[in-house]
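This is what each chain is made of:
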Amino acid sequence: MIDQRQHVVDIVLGGRELQLQVSDTVFQPTLTTRLLAQAVRIPTRSAVLDLGCGVGALAIFAALLGAEYVDAVDVMPEARQLVQDNAKRNGVADRVTATTGDIYSSIGDKKYDVIISDVSGVVDEVSRLSPWYPDSIPTGGYDGADQIVKMLEHAPAHLNPGGVLYYPTGTISSTSRTLAAAQLAFGDNIEIVEQIEVPFCQEFKDNMDVMTRLQSEGLIEFTTRRSRHLWTLQIYRCWLSTN
Ligand SMILES: C[S@@+](CC[C@H](N)C(=O)[O-])C[C@H]1O[C@@H](n2cnc3c(N)ncnc32)[C@H](O)[C@@H]1O
């Protein structure tokens, strides 16, 4: 039987064409996915973890770039089958394994050369306004940082020496709290590798009272130029020393 909530889309990530089955109930690739794909470097024959994988776009991308194997994890049970189907559809089923779990719970004590982590990082109130944020997906909590902080705290334990973590943050969450967690986990081995300004979507513009209040409460930050409101999306790279 055809699931009416699912359909197939073609996307280009870092110059690679991917065909992905998506669903209304699982997070679909966005601008953040594209920016992450632009930022990540995948060494040949590396072990990669895609944490918060959604339908598996970045896991498949990493496998296409030459990763030896990729574990793809998402807390949404529906994501697992989509990732497996999508890996098959893109010819990398032998290198991508999907599991369901909260942060690192489904991978035991495994270590990776690269972790790409895009777990939810948006202030609760904002995510519920966002057209790209399905209601079924856990949010980042009151200040948007809860999931990212959990992910950062335990990231070093899941990286090989010299291993690298890539993760996005946006100023529609508490970037100061996530940066503090990154510094605690990685010391000075942190840099911003991509940064862009993103115009407000219509839903944000329609709820300027909410957005302005959240800014005055210090939970989000945006700039206003003429009639345009922009938030900032950044990709962070954190790494472990080689010894
Ligand atoms: C912003 S989406 C990114 C999806 C995917 N990486 C992409 O680019 O299309 C965040 C994903 O993280 C998942 N997620 C949120 N909290 C999580 C957690 N605690 N553990 C694992 N996955 C989580 C959500 O279900 C969602 O699929």
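An account of the accompanying structure is given in this report. (Residues numbered from 1 in each chain as written. Predicted model: local features only at pLDDT ≥ 70, side-chain atom pairs only at ≥ 80, totals over all residues.)

Some remarks on the overall build of the chain
Secondary structure summary: the chain contains eight helices and ten strands in total. Here the C-alpha radius of gyration of the chain, 17 Å, is about what a compact globule of 243 residues would show, namely 18 Å. Counting only C-alpha atoms, the chain reaches 50 × 50 × 30 Å along its principal axes. Relative to its 243 residues, the chain shows a buried fraction of 44%. Sequence separation of 24 or more characterises 73% of the internal contacts of the chain that already satisfy a separation of 6 or more. (Helix = DSSP H or I, 4+ residues; strand = E, 2+ residues; numbered from the N terminus. Rg over C-alpha atoms; globule rule 2.2 N^0.38 Å. Buried ≥ 20, exposed ≤ 12 C-beta atoms within 10 Å, placed from the backbone. Contact = placed C-beta atoms within 7 Å.)

Let's talk about helix H6 (residues 175–186)
For H6, spanning twelve residues, the distance from its first C-alpha to its last is 16 Å, which sits close to the expected 16 Å at 1.5 Å a residue. All of the buried residues along H6 are Thr175, Thr178, Ala182, Ala185 and Phe186. End-on view of H6: buried residues confined to an arc of 95 degrees, all on one side of the axis. Opposite the buried face of H6, at more than 90 degrees from it, the exposed residues are Ser176 and Leu184. (Expected span 1.5 Å × (residues − 1). Arc of directions from axis to C-beta.)

Remarks on the nonpolar core
In this structure, Val48, Ala59, Ala62, Val83 and Val96 are the most contacted members of the largest nonpolar core, which totals 59 residues. Broken down by element, the residue count for this core peaks at seven residues, all from helix H2 (residues 57–64). Contact partners of alanine 62, with chain neighbours within four places excluded, come to Ile42, Val48, Asp50, Ala67, Val70 and Ile116. In terms of nonpolar packing, the next biggest core, distinct from the first, is built from eleven residues, Val122, Val123, Leu214 and Trp231 among them. (Core = buried A, V, L, I, M, F, W, Y, C linked by C-beta atoms within 7 Å.)

Re the site of the ligand
Lining the immediate surroundings of the ligand are 21 residues, of which Phe27, Thr33, Gly52, Gly54 and Val75 lie closest. For the shell around the ligand, the secondary structure elements donating two or more residues are H2 and strand S4 (69–74). Classifying every residue of the shell around the ligand gives 13 nonpolar, five polar and three charged. (Near = placed C-beta within 6 Å. Nonpolar A, V, L, I, M, F, W, Y, C, P; charged D, E, K, R; others polar.)

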